[in-house]
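# Structural features, examined
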Amino acid sequence: MEKYLYIALFAPLVGSMFAALFGAKPKTLIAGLLPSILLLVSLVASSILLLHILGGGDVVHVEMMTWMATGDLYIPFGFVVDQVSVTMMMVVTLVSTVVHFYAIGYMDHDKGFNRFFAWLSAFVFSMLILVMSDNFAGLFIGWEGVGLCSWGLIGFWYHKESATWAANEAFIMNRIADLGMLIGIFLVYWNTGTLQYAEAFAAMQSLDIEILTWMGIFLFIGAMGKSAQFPLHTWLADAMEGPTPVSALIHAATMVTAGVYLVVRSNELYALIPNIGLFIASLGAFVAIFAASMALVNRDIKRVIAYSTLSQLGYMFAAAGLGAYWVALFHLMAHAFFKALLFLGAGNVMHAMHDELDPFKMGGLGKTMKGTMILMTLASVALAGIFPLAGFFSKDLILEVAFVDYHFIIYGVLLLTAGLTAFYSFRIIALIFHGEDRHTALGHHPHEAYSFMLWVMAPLAVLAVIAGALKGTYFEMVTTVLPATEYHVHSAATYWIMTIGTQLFVLLAIYFAYKKYISKDIKIPDGTSEMENSIGYKILKNQYYIPYFYEEFLVKPYRELSKVLWKQVDMKVVDATVDGIAGIIYTTGEKTRDMQSGNLSTMLKWMVAGTIAMLSLAVVFGLAVRHQDEINTILSSLGVM
Amino acid sequence: MFEAIAFYLFAFLTIAMFFITVTTSQALYALTALAAGMIFISAFFFILGADFLGAIQIVVYSGAVMALYAFGMMFFDTTREVKEKNGNKYIVVGMSTLAAILVVAIFAAPMVSENITALYPVIEGAGNTQQVGMVLFTKYLVPFEVAAIMLLVAMISGIVLAGKKMDLSLTLYNTAEIDDMKKDQAKKVLS
Amino acid sequence: MEIGLNHYLVLSTILFAIGLVGVMRRKNLLLLFFATEILLNSVNIAFAAISHFYGDLTGQMFAFFVIAIAASEVAVGLGLLIVWHKRHGNIDLDSLSTMRG
């Protein structure tokens, strides 16, 4: 079984390095095909491991080698495949394989084809390290690795200034959060003496609640950065500068879920500090509605989907915060499938429309892009949570969790968000695929994507449909490590009212969206309509002016401070000191050069001076020798000798 | 009492003479003052009972060395006043005072601490010259011989440095050739 | 009043200082040599005085050798001075700077 672990882990690395060999060359198909095939291999290995775990096999725990063994600190490169990590592995490898094959078609005409696959496979490798590691240090390595690869992939088209800016923003925001995570890891080590999950969590049972609270807070700060919770959320929307497969893989299914994974993995810690859990849940609920509100008016399809991801992440954190870890993980899994599908479909649309992002400029594409329309509609239905697709089983479960635990505010917020989610998802679908054709007038002649790309997206669609049926097996498997709380609403009547009510609410939202956006009078908004100038629209369009706030009150002062520190401190103090030392040596040399002027008179004077110096030395030493005993007593009383 | 008078008199004279030597701008005055100073120093030696040394001082120093200097001065333009570049005279005077004090301190230290034993004690009854002779030719024989060689070397070097046409040895030529050479030289001078 | 060793030593010191002043001040090479002579003589006085007051002949021997060495030094020094003068035409100390560093 260990060999499957290593195959699953290292196959993407091999693919990445292979593609990297072709980095500077023009597009070579094999540089894209081989990594994709290797990822397929990794997927197969993960499936074997899944079957092994499902069949009741033992958890696979290997220690590859020791990383650090200094003093009391022992950190190995250790990997564990237990129920939680095998779920994550499946999600990661499945979506990655699909995205890799899709990208062979998507990046077809791109000059950086080979480089793309190198980065993409490296990302998968880092993510696998993150989920398979058995200690916090390995988690952190994977954490940083995905951050780095995400930077490389967002800024893939590096000659576009907006792309590089977005990449830096993502990386820096992640870094800020990583500081919190590091502090959390330090606290874990300091208080428990180990970074291995098993031992650390066992030791935590007996710790002071205050320390545990701080640990939980700091680890969650790290999760906030990676999973783009408020206030570190601005990078996710800007990360759409990267190619669409990147958005599908990283910002839908894998990297942003790393934060949820962290919380799920540390469930034993968070179970001990329910107050922090409540805070996490509240924050999650807030982010859910916050993101959904911004998606309502946005005119960039990728951004809308990005906000949707943010919103669903909020759902996951809400579940995790309330203690329903297996529910959060389940939603993570289901969400990965339909969100990736949504992104890939958007990629098709973008390609067809030559990278046009405004849905108002599209319309009526359903006639030419039937396959994509079906897939995207399927994904949106799943996202909205309509029975019997996957979203119903995961999202509604979260709503149940909130209701059962009497957190009615959270329940209300999440319910409202569900409605908003349905609305904006179908707004996009309606604007793009239905209604009148607005694009031909602008000169676009769209065509469907390569058929192999559609076939590659098919497995995701299948999973988006049937994932709900997997819930039972999943529950059995995962509750061996996660708390197995079942959530039953008190009475059957309440349960049916809730479920049916939610479904009706969502369907109503979908109908409303369709009605509004299918109509024939939709014009491309050009800034003059009344709605566009209303305050609410403006606030939502500018993302509640939060990026503006960050720019004005954080970035600019920081830049000024950096300038001051550079000019005043670095150049005037540090450089001056170093230059001063060199200058002193220089001037000393110049001055003493006069000693060798060749002028006999000067040399005679120096000779006399030297003689005096040596005579003085002789006198001093002579006196010292004579009074040696007194000198010894003085020095010993001063504590020197 | 006579000793005291003699000491102070000669001390004053010596200091005055040497002071003139170092401060005057006329080279001839300096030379004369130096010679006078040497004589007065030999007076000190006689006061101290070092007769041989005193005699040597007059013969060698005032006689030979001063004569050498006087011959040397013939080569140079002594009427010209020597221009002195004045460095900071405080530094100069200060440093020399300091050096002098230190030297004395070093010399005086063994004496003050009564740490001295006589290596070659004076033999009573013999005159100073005899005592000097006894010590010089027994215990200081090697330095004496070495000093003699050194004086020889110095003499030869003085001749070599200052002589003219040293590559030509007149004793190897007979008279006729020497006359020819003189005629050639005279022609050169006249033409 | 009794003339003790200290008097001679003080005298020697004063002469030594005068000699040093001369060495440092003089720009004419010949006059520099004069100052060197002063230095040597002052030391001779000191040696002789100590020898007298301690009944030790070592001092006089030393003074004797100092005189010998001073004589040879003058001979060689003047020879060199003459050569320099032939080459440069003056014996100013400031022109003696071909060995500048």
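Residues numbered from 1 in each chain as written. Chains lettered and ligands numbered in written order. Predicted model: local features only at pLDDT ≥ 70, side-chain atom pairs only at ≥ 80, totals over all residues.

## As for the overall build of chain B
Formally: Helix and strand definitions here come from DSSP, where helices need a minimum of 4 consecutive H or I residues and strands a minimum of 2 consecutive E residues; each element is numbered from the N-terminal end. We call a residue exposed when 12 or fewer other C-beta atoms sit within 10 Å of its C-beta, buried when the count reaches 20 or more, and partly exposed for counts in between; the C-beta positions come from the backbone. We call two residues in contact when their backbone-placed C-beta atoms lie within 7 Å.
Counting its regular elements, chain B contains seven helices and zero strands. If you list the helices and strands of chain B from N to C, you get α-α-α-α-α-α-α. When burial is assessed residue by residue, chain B has 21% of its 191 residues classed as buried. For chain B, the proportion of contacts with a sequence separation of at least 24, taken over those separated by at least 6, is 48%.

## Points about the overall build of chain C
A count of helices and strands for chain C gives three helices and zero strands. Helices and strands in chain C line up, N terminus first, as α-α-α. Scored against the burial criterion, the 101 residues of chain C give a buried share of 53%. Considering only contacts in chain C between residues 6 or more positions apart, those separated by 24 or more positions represent 51%.

## Section: the interface of chain C and chain B
Which entries qualify depends on this criterion: When residue character is reported, Ala, Val, Leu, Ile, Met, Phe, Trp, Tyr, Cys and Pro are called nonpolar, Asp, Glu, Lys and Arg charged, and the others, Gly included, polar.
Counting residues at the interface gives 58 residues for chain C, matched by 68 residues for chain B. Elements with a contribution of two residues or more to the side of chain C that touches chain B: α1 (5–25), α2 (29–54) and α3 (58–88) of chain C. No other element matches the 21 residues that α3(C) contributes to the side of chain C that touches chain B. Residues that form the side of chain C that touches chain B fall into these classes: 40 nonpolar, 13 polar and five charged.

## A closer look at α3(C)
This is how the line gets drawn: Here the expected length of a helix is defined as 1.5 Å per residue gap, with one fewer gap than residues.
Compared with the 45 Å implied by 1.5 Å per residue over 31 residues, the 44 Å span of α3(C) between its first and last C-alpha is a close match. Packing partners of the buried residues in α3(C) comprise α3 (51–75), α5 (128–138) and α6 (141–162) of chain B together with α2 of chain C. Following α3(C) by one or two positions, G89(C) adopts a phi angle in the positive range, close to 85°.

## As for unusual backbone geometry
All names here are of chain A. Between F230 and P231 the backbone carries a cis peptide bond, its omega angle lying at 0°. Turning to its location among the elements, P231 is positioned in the loop between α8 (209–226) and α9 (234–238). The residue after F387, namely P388, is reached through a cis peptide bond having omega 0°. Summarising the element assignment, P388 is placed in the loop between α16 (370–384) and α17 (390–404). Residue H354 is not a glycine yet carries a positive backbone phi of 55°. On the secondary structure map, H354 appears in the loop between α15 (325–352) and α16. What makes H354 exposed here is the crowd of 10 C-beta atoms within 10 Å. For Y545, which is not a glycine, the phi torsion comes out positive at approximately 55°. Take Y545: it is sitting in the loop between α22 (535–541) and α23 (546–593).

## Remarks on the environment of P274(A)
Relative to the helices and strands, P274(A) is located in helix α13 (residues 274–295). A sequence separation of 48 residues divides P274(A) from L322(A), and the C-alpha atoms of the two residues are 7.8 Å apart.

## What about the nonpolar core?
Rules: A set of buried residues qualifies as a nonpolar core if it consists of Ala, Val, Leu, Ile, Met, Phe, Trp, Tyr and Cys joined through C-beta atoms within 7 Å.
Core analysis: the biggest nonpolar cluster contains 207 residues, and A318(A), A340(A), L341(A), L414(A) and A464(A) have the highest contact counts within it. Of the residues forming this core, the biggest block, 20 residues, is contributed by α15(A). Excluding residues that lie within four positions of it along the chain, A464(A) makes contacts with F337(A), F338(A), L341(A), L378(A), A379(A), A382(A), L389(A) and A390(A). Listed in part, the 68 residues of the second largest apolar core include A27(B), V135(B), Y8(C) and L29(C).

## Re helix α21 (residues 492–518) of chain A
An ideal rise of 1.5 Å per residue puts 39 Å on 27 residues; α21(A) measures up with 39 Å between its terminal C-alpha atoms. The inward-facing, buried residues of α21(A) abut α16, α17 and α18 (408–433) of chain A.

## Side note on the environment of Y106(A)
All names here are of chain A. Considering the arrangement of structural elements, one finds Y106 in helix α3 (residues 83–106). A sequence separation of 241 residues divides Y106 from G347, and the C-alpha atoms of the two residues are 7.8 Å apart. The contact partners of Y106, leaving out residues within four places of it in the chain, are P243, T244, P245, G347 and H351.

## Brief notes about the pairing of strand β2 (residues 73–81) of chain A
In plain terms, the rule: Following DSSP output, two strands are said to pair if at least two bridges run between them.
For strand β1 (residues 60–70) of chain A and β2(A), the ladder comprises nine bridges, and the chain directions are antiparallel. Of the residues in β2(A), the one forming a bridge with T70(A) is L73(A).

## Observations concerning the packing of helix α24 (residues 600–626) of chain A against α1(C)
Note the threshold: Structural elements are reduced to axes, namely lines fitted to C-alpha atoms, with helices fitted over the stretch in contact, and the angle between N-to-C directions of any two is expressed from 0 to 180 degrees.
Interaxial distance between α24(A) and α1(C) falls to 8 Å at its minimum, and their mutual angle equals 145°. Listed contacts from α1(C) to L604(A), K605(A) and V608(A) of α24(A) are L20(C), V23(C) and M24(C). For the contact of α24(A) with α1(C), a count of residues per class yields five nonpolar, no polar and one charged.

## Here we look at the confidence of the model for chain B
Under the convention used in this document: Values of pLDDT, ranging from 0 to 100, describe the predictor's confidence in every residue of the model.
Per-residue confidence for chain B gives a mean pLDDT of 81, with 79% of residues at or over 70. Helix α2 (residues 27–47) of chain B holds the highest mean pLDDT among the elements of chain B, 92, whereas helix α4 (residues 89–112) of chain B holds the lowest, 75.

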